[in-house]
Amino acid sequence: MAIRPYIYINMETQKIIIIGAGPAGYTAAIYAARAELNPVLFSGPQPGGQLMWTTVVENFPGFPDGVYGSELMEERMKKQAEKFGTKIIAENITAVDLSVRPFKLTTSSGQQIETQTLVIATGASAIWMNVQGEEQYKGKGVSVCATCDGFFFKGKEVAVVGGGDAAMEEALDLAKFASKVSVLVRSDKLKASKVMQERAEAEAKINFVWNVSVKEVLGDGNKVTGLKVLNSQTNEESELKFDGVFPAIGHKPNTEIFKGQVELDERSFLIKKNCTSETSVSGVFAAGDVADPRYRQAITSAGSGCMAAMDAERWLKGIGDRG
Amino acid sequence: MELNLTAQNFDQTILQSNKPVFVDFWAPWCGPCRMMGPIVEELATEMDNVIITKLNVDEETEVAQRFNILSVPTFMVFKGGQPVDQFSGAMSKEAMKERIKKSL
């Protein structure tokens, strides 16, 4: 396979740069490319986004038999974006300056690139439990990818921490391998959708532990041996034995590099104006999970990517070729 | 091009190399591993003071078990036949280069 060096197409100011390679980023790229804006897309640390961590996606419209997350992203969306001329650069954006026009972006290889419009589609990352022992045992029993690591827990007992759809999916995936899957839920009920709740409840290997929070990850120095948990009802701490721990407590938006430059809400999500993709900075548009604490679905992200590209096109037409 | 390790050539490669050896433990079902694939391939051409290798844990289960691999992708660096570093999870090429350099 030929290795392409990361030479930027040209060092002129771009019309539109998209940061992020999930459904939002790729859809924005497809629309921007077809509008002949010559989009450049930076795929960042997780090309393909959160869907790369799942197996079959059953609720993305157009796929009655489901589609593998990685297939949807790499073999379909990415290909479609490239087909219409998107330049995809496999680097991160490490800093931005949105106080100047054109906007200045710094890449992980230290290069600078300028653009008239920017689509932020950086998505969200899994939230860790942030308890003692978690960092030490990452990769040694603590994992955020059930589909990747379930294999290593054949016949073992594992814990999934969380009560939403992601936790249910992970528990069901793990039940294919583990002898026992315990779902540790902070309250006395699940936040997951009805369908996922019913599936998890019907699976014999899955049991639920209610009203517990994780206080510490326990191990023998080499790998995880269990969890110390606190029951919020009885106020009692106890130690539960597990060979693997899978936190699935939620995601936080990837907005660190935009702090202080674009308006964020109290949970650090990008704020969009009215029903558009416009942010507090004219010419900067937001799409996908990075600006969505409410829906966070592949299809809503893809839809918002389309909106961002259309808003960017409108913005560019409005000001002509200034800057 | 990175070297593919199997149970047959593993020990020989690790023990008989005069350069440090980097091993990418990966699995075909693992999305993040596939993300790392092209990155590891590029490292093989860019870092000539390390031998870049990969091992499919599904095909070479015994080797994976020997090193207590519980997660993929997991990366290990060997020097003089001994493991000197181990880390897991997808990361950027720059972050991986920095991490490998720490062991050199």
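Note that the structure is a prediction, hence the values are computed from the model and not measured. In this convention, every chain numbers its residues from 1, walking through the sequence in written order. Whichever chain is written first becomes A and whichever ligand is written first becomes 1, with later ones labelled in order. Only residues with pLDDT of 70 or above have their local features reported here, since the model is predicted, and side-chain atom pairs are shown and tallied only from 80 upward, although totals for entire chains, interfaces and linings are computed over all residues.

Here we take up the domain arrangement of chain A. Boundaries of every domain are those given by an automatic assignment or by a domain database. Annotation of chain A at the domain level lists domain 1 (14-126 + 251-319) and domain 2 (146-247). Put simply, the middle of domain 1 of chain A and the middle of domain 2 of chain A, counted by C-alpha atoms, are 32 Å apart.

For every residue pair, C-beta atoms are placed from the backbone, and the pair is scored as a contact if these atoms sit within 7 Å. Contact residues are listed per partner, giving 25 residues for chain A and 23 residues for chain B. Counting from the N terminus, the helices are the DSSP runs of H or I reaching at least four residues and the strands are the DSSP runs of E reaching at least two. Those elements that place two or more of their residues in the side of chain A that touches chain B are α2 (69-83) and α3 (146-149) of chain A. The biggest single contributor to the side of chain A that touches chain B is α3(A), with 3 residues. Classifying every residue of the side of chain A that touches chain B gives 10 nonpolar, 11 polar and 4 charged. All amino acids are sorted into three groups, where Ala, Val, Leu, Ile, Met, Phe, Trp, Tyr, Cys and Pro are nonpolar, Asp, Glu, Lys and Arg are charged, and the leftover types, Gly among them, are polar.

On to the nonpolar core. Ala28(A), Val119(A) and Ala171(A) are the most contacted members of the largest nonpolar core, which totals 121 residues. Two domains each provide a minimum of three residues to this core, namely domain 1 (14-126 + 251-319) and domain 2 (146-247) of chain A. Nonpolar core, as used here: buried Ala, Val, Leu, Ile, Met, Phe, Trp, Tyr and Cys residues forming one set through C-beta atoms within 7 Å. Every C-beta atom is placed from the backbone, and the number of other C-beta atoms within 10 Å of a residue's own sets its class: buried at 20 or more, exposed at 12 or fewer, partly exposed in between.

Moving on: the pairing of strand β11 (residues 180-184) of chain A. All names here are of chain A. Summarising burial for β11: 4 of the 5 residues are buried, a large majority. Here a strand pair is declared whenever DSSP counts at least two bridges between the two strands. In this structure, strand β10 (residues 157-161) lies alongside β11, joined through 5 bridges in parallel fashion. If you follow Glu-157 over to β11, its bridge partner there is Lys-180. Between β10 and its parallel partner β11, the chain crosses via helix α4 (residues 165-175), and the hand of that crossover is right-handed. Sheet topology places β11 next to strand β12 (residues 206-209); 4 bridges connect them, and they run parallel. Note on β12: the bridge partner recorded for Leu-184 is Val-209. Look down the strands so they point away from you; if going from the first strand over the helix to the second traces a clockwise path, that crossover is right-handed. Viewed along the sheet, the connection from β11 through helix α5 (residues 194-202) into β12 turns out right-handed.

Here we come to the sheet that holds strand β13 (residues 212-219) of chain A. Residues and elements named next belong to chain A. Spatially, 3 strands are ordered β13-β14-β15 in an open sheet, and the strand pairing comes out antiparallel. What marks the edges here is a single partner per strand, and that holds for β13 and β15 (237-241). Across this sheet, the average inter-strand angle for adjacent strands is 30°, counted without regard to direction. The sheet contact formed by β13 and strand β14 (residues 224-231) spans 7 bridges and is antiparallel. Pairing of Ser-213 across the sheet is with Leu-230, part of β14. Interaxial angles span 0 to 180 degrees and are taken between N-to-C directions of axes, which are lines fitted to C-alpha atoms, for helices over the stretch in contact.

All names here are of chain A. Contact geometry for helix α1 (residues 23-34) and α2: axes closest at 8 Å, N-to-C directions at 25°. Considered as vectors, α1 and α2 are oriented roughly parallel to each other. In the crossing of α1 with α2, the sense of the turn from one axis to the other is left-handed. Residues Pro-23, Tyr-26, Ala-29, Ile-30 and Ala-33 of α1 form the contact with α2, whose participating residues are Met-77, Lys-78, Gln-80 and Ala-81. For the contact of α1 with α2, the residue count by class is 7 nonpolar, 1 polar and 1 charged. Angles are sorted into four bins: roughly parallel if under 35 degrees, roughly antiparallel if over 145, roughly perpendicular if 65 to 115, and oblique for all others. The handedness criterion is simple: a crossing whose near helix is rotated anticlockwise from the far helix by less than a right angle is left-handed, and one whose near helix is rotated clockwise is right-handed.

This next bit is on the sheet that holds strand β2 (residues 21-26) of chain B. Residues and elements named next belong to chain B. With mixed pairing, 5 strands are arranged side by side in an open sheet as β1-β3-β2-β4-β5. Single-partner strands in this sheet number two, and they are β1 (3-4) and β5 (82-88). As defined by bridge partners, β2 adjoins strand β4 (residues 74-79) across 5 bridges and the pair is classed as antiparallel. Bridge pairing in β4 links Asp-24 to Phe-75. Where helix α2 (residues 31-46) meets the sheet, it contacts β2 and β3 (51-56), and its direction lies at approximately 155° from that of β3.

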